[in-house]
Amino acid sequence: GRTTGGVEVAMEAQSVQILSDQTGGIVLDEVFTGSTVEATMSFLEMTPERWETIVGTVTGDVFTPSGGTKLVGYGESRLYQSFFDLGGELVLHPSRFDASDRSRDITLWKSAPKPASVNFSGEEPQAMEVTFTALADRSIQSAINLMAFGDNQQDVRA
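S.K.: Looking at this structure, how should I read the layout of surface pockets?
M.R.: To find leftover empty space, one rolls a probe the size of a water molecule over the atoms. Reported here for the largest pocket is a volume of approximately 630 Å³. What lines the largest pocket is a set of 30 residues, and nearest its centre among them are Met41, Phe43, Leu90, Val91 and Leu92. Elements with a minimum of two residues in the lining of the largest pocket: strand 1 (3-18), strand 2 (29-44), helix 1 (48-56), strand 5 (88-92) and strand 6 (106-111). With five residues, the single largest contributor to the lining of the largest pocket is strand 5. Along the lines of polarity and charge, the residues of the lining of the largest pocket split into 17 nonpolar, nine polar and four charged.

S.K.: Can you help me understand the pairing of strand 2 in this one?
M.R.: The side chains of a regular strand alternate between the sheet's two faces. Here strand 1 runs beside strand 2; their pairing, made up of 13 bridges, is antiparallel. Bridge assignment links Gln17 to a residue of strand 2, and that residue is Glu30. Summarising the sheet, strand 2 and strand 8 (residues 127-133) pair through seven bridges and their orientation is antiparallel. Considered in strand 8, the bridge of Phe43 is made with Met128.

S.K.: Whenever I open this one, the side chain of Asn152 confuses me. Can you help?
M.R.: Along the chain, Asn152 falls in the segment after strand 9 (147-149). In this structure the side chain of Asn152 is engaged in a polar contact, spanning 2.9 Å, whose partner is the side chain of Gln153. Setting aside chain neighbours within four positions, we find Asn152 in contact with Val91, Arg102, Asp105, Thr107 and Trp109.

S.K.: When you look at the environment of Ser35 in this model, what are you seeing that I'm missing?
M.R.: As for its position among the elements, Ser35 is in strand 2. Ser35 gets classed as partly exposed once you look at its relative accessible area, which sits at 35%. In this structure, Ser35 is in contact with Glu12, Gln14 and Leu146, ignoring residues within four places of it in sequence.

S.K.: I'm lost on helix 1 in this one. Help?
M.R.: Helical geometry: 3.6 residues make up each α-helical turn, so side chains three or four residues apart lie on a common side. Among all positions of helix 1, only Ile54, Val55 and Gly56 are buried. The arc that holds the buried residues of helix 1, viewed along the axis, is 160 degrees, so those residues lie on one side. Exposed side of helix 1, more than 90 degrees from the buried face: Glu49 and Thr53 are the residues found there. Summarising the contacts, the buried residues of helix 1 are in contact with strand 2, strand 3 (61-63), strand 4 (71-73), strand 7 (113-118) and strand 8.

Rules used throughout
Residues numbered from 1 in each chain as written. Predicted model: local features only at pLDDT ≥ 70, side-chain atom pairs only at ≥ 80, totals over all residues. Heavy atoms only, no water. 1 Å grid on protein atoms, 1.4 Å probe; cavity = no way out; pocket = protein on both sides within 12 Å on 5 of 7 lines; lining within 4 Å. Points joined across faces, edges and corners; volume = space filled by probe spheres on them. Helix = DSSP H or I, 4+ residues; strand = E, 2+ residues; numbered from the N terminus. Nonpolar A, V, L, I, M, F, W, Y, C, P; charged D, E, K, R; others polar. Pairing = 2+ DSSP bridges. Polar contact = N/O pair within 3.5 Å; in protein donor to acceptor, adjacent residues only side chain to side chain. Contact = heavy atoms within 4.5 Å. Buried < 20%, exposed > 50% of the residue type's maximum accessible area, 1.4 Å probe, protein only. Arc of directions from axis to C-beta.

From the geometry alone we can't say anything about function, so treat these as descriptive.
Here's what the structure looks like:
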């Protein structure tokens, strides 16, 4: 969908510093312990269908009362469900490139939308801020099983 305010992909490397009693605060080494990747964006055009896709399929749910109309919202129905099971692949494709040119795509193999806020303004278009956290997809080669930059249509399966 269309976004406003840009899309940010944040990457962080976690590590543990190795210190010794004999050397005090001097770092002897640092050991890599993992990575996190998150994509944050604000979606425009918050139609009922978009509300259902972003909110109703992962962190929220959908309910239609008998004889009523569909409601999308939050409650207890999704408690303790896995984002891995509810999520899917997120591909960020720069709009300035042809759809067939995947050389600049960023792919989070497995992620789920986590809505953060939605604005209500008479002067701004309505937009919903959403964060996607990359989850380790063990069906993808371990070198890139959180996120990859480039053509995601290649054979990357483990």
